[in-house]
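The residues making up each chain are set out below.
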Amino acid sequence: MSYIVPIGPYHPALEEPIHAKLYTEGEVIKDAEVFVGYNHRGIEKLATERNAIQTLVLVERVCGICSHSHALTYAMCVEQINGIEVPKRGEYIRVITAELERLHSHLLWLGVACHIIGHDSMFMHIWDERELVMDLLEELSGNRVNYAMVTIGGSRRDIDDELKAKLLQSLDKLKGPMDRIVEIALNDKTIALRTKGVGVLKKEDAVRLGAIGPHARASGVNVDVRRDSPYCSYGDFQFDIPVVDSGDVFARVVVRALECYESIKIIEQALKYLPATPINLGNKLPKIQKGAAVCRHEAPRGQLTQMVVGNGGFNNYRVSIHVPSYKNTPTIPHMLRGNSVADAGLIIASIDPCFSCLDR
Amino acid sequence: MQQYKRIDIAKDQVVPIAEKMRKAGVWLTMIHGFLNEEGLMDISWDYQVEPVIESYHVVGEMTLPSIGEIYDCAATWPERELNELYAVEFEGLDTSKRLFLPEDMLETQGKGQIMVTPLSELRAKNIKKEG
């Protein structure tokens with residue numbers, strides 16, 4: 001018997017609007033289609049009538065989880081057009097915020113993945129540890145999301161010695177529970193049974209469809225903007241890029257779990273070698289000079305691309321935002337084929353989707 | 001700081017460049033588009049030849065060849081987006097389904113109205129509609 005099973009657009013896996021149509025033969029999915037665009041807010045259009053500082057606030061609202069990534073990439077674009085050199089300390093503080101954001105985003109996804117496969121006690125443990133990271137972010141920026149740490153030409157808030165000691169101490173405290181979480185994630189039978197061999201994306205398909213970020217690295221594609229095209233002093237830090245070849249949901253769990261350690265490593269190095277320069281270049285409203293720039297940032301979900309075009313005035317002429325989910329969502333139908341309907345939610349969630357981001 | 005290199009090309013070079021890049025294993029970052037100040041469509045194919053972004057621009061063309069056969073969804077999604085927001089036609093692209101805009105919008109209002117119309121006009125139109 002063949003059926004068409006509609007899923008969504010209301011929260012099929014995470015609290016994100018996507019509609020998937022599954023063409024099934026009994027329990028097995030033969031083909032699938034995805035539909036996006038349920039949360040199109042016209043942010044690109046609005047940005048054409050905002051100046052640089054107003055746009056920082058606006059693009060930060062594109063996404064709740066990777067808000068710092070958007071503001072950072074936009075600031076990088078404007079700095080590239082205007083030829084502004086950011087002070088080192090400002091760049092290091094940007095990196096610290098970006099890595100804390102990656103840490104909390106990956107822990108969030110690990111928790112959600114455990115929740116979807118029905119391992120709720122694990123979900124609660126992981127989110128308990130995530131609160132520690134959220135507290136650090138609140139301490140650092142005064143906010144749990146939308147940190148507003150970035151300004152054109154640097155960062156907005158400094159890290160004093162007291163906060164530095166607290167950050168290092170809390171990260172140390174996080175390592176014990178992280179070891180335990182990773183050990184369970186790698187060895188637990190429940191997780192292995194629900195994730196191994198599910199939603200496989202082969203390396204050649206990942207390359208052909210243009211998958212990026214942890215999603216591509218779980219399929220054996222070694223891409224990372226932080227290493228390939230260093231920005232924001234990322235070249236100063238030592239870190240590894242975990243790559244797993246199997247390409248199933250389990251590989252995505254492993255890659256994200258291991259990346260948490262790398263983030264901790266980067267934050268510790270950045271705090272240790274925090275340079276003693278000013279954090280920004282003052283708060284004067286900049287004009288955006290005539291020209292264009294495309295900048296990329298390794299957001300928690302992958303490569304975030306923004307293009308900014310200026311025409312010499314205060315306002316942007318054009319802002320174009322393309323988030324990692326824009327590249328990863330087209331791989332969903334490919335991964336769904338051949339799996340059972342019961343795994344559809346998990347496979348959709350396995351790209352760590354952010355469809356509100358995608359729709360902008 | 002990341003680097004960005006602008007290269008202007010003609011319309012018939014788009015497909016050969018895409019084939020060359022695909023063969024070299026270079027990733028297509030994005031296809032960007034905007035109306036420049038002379039009112040001409042400026043479309044750029046951005047390839048990440050690490051660590052530089054090489055941006056190939058075609059200015060003033062509203063009908064362009066699609067590179068969907070070469071880069072699959074990495075190219076067709078941005079092409080569909082440009083088709084909806086700016087009414088740029090890509091030869092060989094399937095545009096029977098909408099990507100971002102509401103289902104009925106293509107029929108009632110036509111393509112390419114959103115990014116082209118000034119915000120103040122769009123606002124005035126909506127206020128009038130609401131009475």
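Here the structure is a predicted model, which is why all the values come from computation and not from measurement.

### Regarding the overall build of chain A
Then, in step 1: Across its full length, chain A holds 15 helices and eight strands.
Then, in step 2: Computed over C-alpha atoms, the radius of gyration of chain A comes to 20 Å, within 12% of the 21 Å expected from 2.2 N^0.38 for 360 residues, which places it in the range of a compact globule.
Then, in step 3: Counting only residues that meet the buried cut, chain A has 63% of its 360 residues in that class.
Then, in step 4: Taking as baseline every contact in chain A between residues at least 6 positions apart, the subset at least 24 positions apart corresponds to 70%.
Then, in step 5: Summing over all exposed atoms, chain A offers an accessible surface of approximately 13,000 Å²; the carbon and sulfur share of this is 51%.
Then, in step 6: On chain A, the mean spot of the 41 positive side-chain charges and the mean spot of the 44 negative ones are 5 Å from each other.

### Let's talk about the pairing of strand β2 (residues 27–35) of chain B
Residues and elements named next belong to chain B.
Then, in step 1: Within β2, eight of the nine residues are buried, which leaves the element mostly enclosed by the surrounding structure.
Then, in step 2: Of the pairings in the sheet, the one linking β2 to strand β3 (residues 41–49) comprises eight bridges and is antiparallel in character. Paired with methionine 30 across the two strands is aspartate 46, which belongs to β3.
Then, in step 3: Between the antiparallel neighbours β2 and β3 lie five residues, among them glycine 39 with a positive phi of about 85 degrees.

### Digging into the nonpolar core
The nonpolar side chains of soluble globular proteins are, as a tendency, buried together.
Then, in step 1: The biggest cluster of nonpolar side chains holds 118 residues, and the ones touching the most others in it are Tyr74, Ile96, Leu100, Leu103, Ile159, Tyr234 and Ile332 of chain A.
Then, in step 2: Counting residues per element, this core draws most heavily on helix α4 (residues 88–116) of chain A, which supplies 14 residues.
Then, in step 3: Apart from the residues lying within four places of it in its own chain, the contact partners of tyrosine 74 of chain A are Ala52, Thr55, Leu56, Val59, Ile152, Ile288, Gln306, Val308, Asn316 and Val319 of chain A.
Then, in step 4: The next biggest cluster of nonpolar side chains, apart from the first, holds 32 residues, and it includes Ile31, Ile43, Ile70 and Tyr71 of chain B.

### Here we look at the sheet that holds strand β8 (residues 316–322) of chain A
Residue and element names in this part refer to chain A.
Then, in step 1: The strand order across the open sheet built from three strands is β6-β7-β8, with neighbouring strands paired in antiparallel fashion. Bordering the open sheet on either side are β6 (291–299) and β8, each of which pairs with just one other strand. Taking the axes of each pair of neighbouring strands and ignoring which way they run, one obtains an average angle of 15 degrees across the sheet.
Then, in step 2: For strand β7 (residues 302–310) and β8, the ladder comprises six bridges, and the chain directions are antiparallel. Note on β8: the bridge partner recorded for valine 309 is arginine 318.

### Some points on the environment of isoleucine 347 of chain A
Residues and elements named next belong to chain A.
Then, in step 1: Within the secondary structure layout, isoleucine 347 lies in helix α14 (residues 344–349).
Then, in step 2: Taking the C-alpha atoms as reference points, isoleucine 347 and alanine 192, separated by 155 residues in sequence, lie 14 Å from one another.
Then, in step 3: Residues contacting isoleucine 347, with those up to four places away along its chain left out, are Val198, Gly199, Met335, Leu336 and Asn339.

### Considering unusual backbone geometry
All names here are of chain A.
Then, in step 1: Backbone geometry at cysteine 232 places phi at a positive 55 degrees, although glycine is not the residue there.
Then, in step 2: With respect to the helices and strands, cysteine 232 occurs in the loop between α10 (225–228) and α11 (249–272).
Then, in step 3: For aspartate 352, which is not glycine, the phi torsion reads 55 degrees and is therefore positive.
Then, in step 4: Note that aspartate 352 resides in the loop between α14 and α15 (355–359).

### Some thoughts on the packing of α4 of chain A against helix α5 (residues 120–141) of chain A
Residues and elements named next belong to chain A.
Then, in step 1: It is the contact of α4 with α5, at a shortest axis distance of 8 Å, that shows an interaxial angle of 160 degrees. One element, α4, and the other, α5, form an angle in the roughly antiparallel class. In terms of crossing hand, the pair formed by α4 and α5 is left-handed. Two secondary-structure elements touch here, α4 through Ile96, Thr97, Leu100, Leu103, His104, Leu107, Leu108, Leu110, Gly111, Val112, Cys114 and His115 and α5 through Asp120, Met122, Phe123, Ile126, Trp127, Glu129, Arg130, Val133, Met134, Leu136, Leu137 and Leu140.

### A few points about helix α3 (residues 67–82) of chain A
Then, in step 1: The terminal C-alpha atoms of α3 of chain A lie 23 Å apart, and with 16 residues this matches the ideal 22 Å at 1.5 Å per residue to within 8%.
Then, in step 2: One or two residues past the end of α3 of chain A sits glycine 83 of chain A, with phi positive at roughly 65 degrees.

### A closer look at the confidence of the model for chain A
Then, in step 1: In this model, chain A carries an average pLDDT of 87, and 99% of its residues clear a pLDDT of 70 or more.
Then, in step 2: Of all secondary-structure elements in chain A, the lowest mean pLDDT belongs to α15 of chain A, at 81, while α3 of chain A reaches the highest, 91.

What counts and what doesn't
Residues numbered from 1 in each chain as written. Chains lettered and ligands numbered in written order. Predicted model: local features only at pLDDT ≥ 70, side-chain atom pairs only at ≥ 80, totals over all residues. Heavy atoms only, no water. Helix = DSSP H or I, 4+ residues; strand = E, 2+ residues; numbered from the N terminus. Rg over C-alpha atoms; globule rule 2.2 N^0.38 Å. Buried < 20%, exposed > 50% of the residue type's maximum accessible area, 1.4 Å probe, protein only. Contact = heavy atoms within 4.5 Å. Areas by Shrake-Rupley, 256 points an atom, 1.4 Å probe, with all protein chains shown as cover. Lys, Arg positive; Asp, Glu negative; His and termini not counted. Charge placed at Lys NZ, Arg CZ, Asp CG, Glu CD. Pairing = 2+ DSSP bridges. Core = buried A, V, L, I, M, F, W, Y, C linked by side-chain atoms within 4.5 Å. Axes fitted to C-alpha atoms, helices over the stretch in contact; angles between N-to-C directions. Parallel < 35°, antiparallel > 145°, perpendicular 65-115°, else oblique. Left-handed = near helix turned anticlockwise from the far one by under 90°. Expected span 1.5 Å × (residues − 1). pLDDT = per-residue confidence, 0-100.

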